[in-house]
Structures are given as structure tokens and as C-alpha cells.
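Residue strings, one per chain:
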Amino acid sequence: MGETARVFYGLWPTPAEAAQLIPHATVLKAATRGRPSHPASLHLTLVFLGEVPVDVLPQLRNLEVAGDRPGFDLALDRRGVWRHNGIGWLMPSTPPPALLELQSTLEAALRAAGFESERRPFRPHVTLTRHGRDDMPDGAIDPVVWRVREWVLVRSNGTAVDGSRYETLARFPLRQP
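Sequence order as written defines residue numbering, which begins from 1 separately in each chain. Residue-level local features of this predicted model are given only where pLDDT is at least 70; pairs of side-chain atoms are given and counted only at 80 or more, and the full residue set underlies all totals for whole chains, interfaces and linings. With hydrogens and water excluded, all non-hydrogen atoms of the structure serve as input to the side-chain values.

Some points on the packing of aromatic side chains
When we look at a pair of aromatic rings, we describe it by the centre distance and by the angle of the planes.
Step number 1: A pair of aromatic rings is counted whenever rings of Phe, Tyr or Trp (Trp by its six-membered ring) have centres within 6.5 Å, and the orientation is called stacked for planes under 30 degrees apart, edge-to-face for over 60 and tilted otherwise. The final tally for this structure, using the stated rule, is seven aromatic pairs.
Step number 2: Between the aromatic rings of Tyr9 and Trp151, the centroid separation amounts to 5.7 Å while the plane-to-plane angle is 55°, which identifies the pairing as tilted. Highlighted residues: Tyr9 in strand S1 (residues 4-11) and Trp151 in strand S8 (residues 150-159), separated in sequence by 142 residues.
Step number 3: You can call Tyr9 buried: its relative accessible area is 0%.
Step number 4: Only protein chains enter the area calculation, which uses a 1.4 Å probe; residues under 20% of their type maximum are buried, those over 50% are exposed, and those in between are partly exposed. Given a relative accessible area of 5%, Trp151 falls into the buried group.
Step number 5: Measuring from centroid to centroid gives 5.5 Å for Trp82 and Trp89, while their planes differ by 35°, and the two rings are tilted.
Step number 6: Taken together, the aromatic side chains of Phe8, Trp12 and Tyr166 make up a single cluster linked through ring pairs. Starting at the N terminus, helices and strands are each numbered in turn, a helix being any DSSP run of H or I of at least four residues and a strand any DSSP run of E of at least two.

Quick word on helix H3 (residues 97-112)
Step number 1: Multiplying 1.5 Å by the helix residue count minus one yields the expected span of that helix. For H3, spanning 16 residues, the distance from its first C-alpha to its last is 22 Å, which sits close to the expected 22 Å at 1.5 Å a residue.
Step number 2: Leu99, Leu102, Gln103, Thr105, Leu106, Glu107, Ala109 and Leu110 are the residues of H3 that are buried.
Step number 3: Positive phi appears at Gly114, one or two residues downstream of H3, with a value of about 95°.

Side note on the environment of Val54
Step number 1: Residue placement: Val54 occurs in the loop between strand S3 (44-53) and helix H2 (57-61).
Step number 2: Exposure remark for Val54: the relative accessible area of 26% places this residue in the partly exposed category.
Step number 3: Spatially, the C-alpha atoms of Val54 and Arg6 are 9.1 Å apart, while their sequence positions differ by 48 residues.
Step number 4: Val54 has contacts with Glu3, Thr4, Ala5 and Arg155, leaving out every residue within four places of it along the chain. Note on contacts: a residue pair is in contact if any heavy atoms of the two residues lie within 4.5 Å.

Describing helix H1 (residues 15-32)
Step number 1: Across its 18 residues, H1 extends 25 Å between first and last C-alpha, which sits within 8% of the 26 Å expected from 1.5 Å per residue.
Step number 2: Buried within H1 we find Glu17, Ala18, Leu21, His24, Ala25, Leu28 and Thr32.
Step number 3: If you follow the buried residues of H1, they end up packed against strand S4 (72-82), strand S5 (87-91), strand S6 (126-130) and strand S7 (139-148).
Step number 4: Following H1 by one or two positions, Arg33 has its phi on the positive side, about 60°.

Observations concerning the pattern of salt bridges
A side chain of one charge can pair with a side chain of the opposite charge when the charged atoms of the two come close.
Step number 1: Salt bridges are identified by distance alone: a Lys or Arg side-chain nitrogen within 4 Å of an Asp or Glu carboxyl oxygen. Tallying each qualifying case throughout the model produces nine salt bridges.
Step number 2: Among the ionic pairs, Glu3 bridges to Arg155, the shortest N-O distance being 3.6 Å. Taken together, the residues span a long stretch of sequence, with Glu3 in the segment before S1 and Arg155 in strand S8 at a distance of 152 residues.
Step number 3: Taking the shortest distance from any N to any O, the salt bridge between Arg119 and Glu116 comes out at 2.8 Å.

Examining the pairing of S1
Step number 1: The buried fraction of S1 is high, at six of eight residues.
Step number 2: Any two strands between which DSSP finds at least two bridges are classified as paired. Here eight bridges tie S1 to S3, and the two strands are oriented antiparallel to one another. Bridging across to S3, Thr4 finds its partner in Pro53.

Looking at the side chain of Thr127
Step number 1: Within the secondary structure, Thr127 sits in strand S6.
Step number 2: When its relative accessible area of 14% is taken as the criterion, Thr127 is described as buried.
Step number 3: When sequence neighbours within four positions are dropped, the list of residues in contact with Thr127 reads Ser37, Leu42, His43, Ile87 and Gly88.

As for the environment of Pro39
Step number 1: Mapped onto the elements of the fold, Pro39 is located in the loop between strand S2 (35-36) and S3.
Step number 2: In this structure, the C-alpha to C-alpha distance between Pro39 and Ala25, residues 14 residues apart in sequence, is 9.4 Å.
Step number 3: Among all residues touching Pro39, those that are not within four sequence positions of it are Ala18 and Ile22.

So yeah, pure geometry; function would need other evidence.
Written as C-alpha cells, this is what we have:
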């Protein structure tokens, strides 16, 4: 198969927006004894492709996605832990329609171009901790809001020991009001 790259499309907060997420990671770490995500790696995955041949990266960088996409506010107002995998997360109780439309249009464009994506239903969330050993019920929180200005194509590099390091391969701006 040759050299491969582990890739996904996602949303990335600015450093200031990511800083608003850190107190929630601290709460989740204390409650679950999980390992916090590095602040620079906080993101929301739109479509996970997994391992792809590196020679298709130019095609993914230049993917044609129909429509002029507006920027939107993402309000993360629920915090919890998935018991089955120990992931501590923040998510919107009601995902914005622009987020759902972007994700579904992107997934359709990838399918039309011959790419297979993850088959799980889209559950928009930001992973704040991993490997939690204790449970924590999910609940409402004061919203953490970030202005989504773009989406990105990202390559994940790393090992189980060092964790993932992310490299942005392409940026796709959204229309700003």
C-alpha cells in the first residue's frame, strides 16, 4: 500500500477559545482520573478518514464542497464522560444547523470522491480527557462559545506513548458576517 497518513477534517478553536475549555478538562481529570488533552490539540472532528495513502492528500486538500458556508457560533453546554471508552467531553446540547450541514455536505463530497469515512453517527464533541477510570454523570454547564471561522484537514502523527501531534494540511475558510 505504501506510505499512509492518518487524517481527519475538523474544527479548531483559537488559543483563547481553547483556554476556556481547560477548566472543564481540570474538572473531568479530577472526577475521572483521566489524562487531559493538550490545549493545542483540542478540536471537534467533522469527518474521520483514518489511514489513507499519502498520494491522495492533494485530492483531500482540494476537495470540492458545494455551497458557500457561513461561519457560526458553537456553544458547548454539556459536559460528561463516555463510560465505554473513558473519554471526557464537552458538546452542544443542540448542534447548530450550520455545523450539521457542513458535516453532512463534507461527508457527501468525500463519498462522491470515492473516500470511505467512519460509519458511526456524528456526535459533535471536544475530547478534553482520555483514559478516565471513574464515571461522571453528564450535565449542563455554562456555555463555552467559540466562533467557527474555518474547518481544516489534519494529519495525526504520534504514538500511544507520546499521544497525537496534529499537523494542519489545509484550511477552508467560512464566510464571515
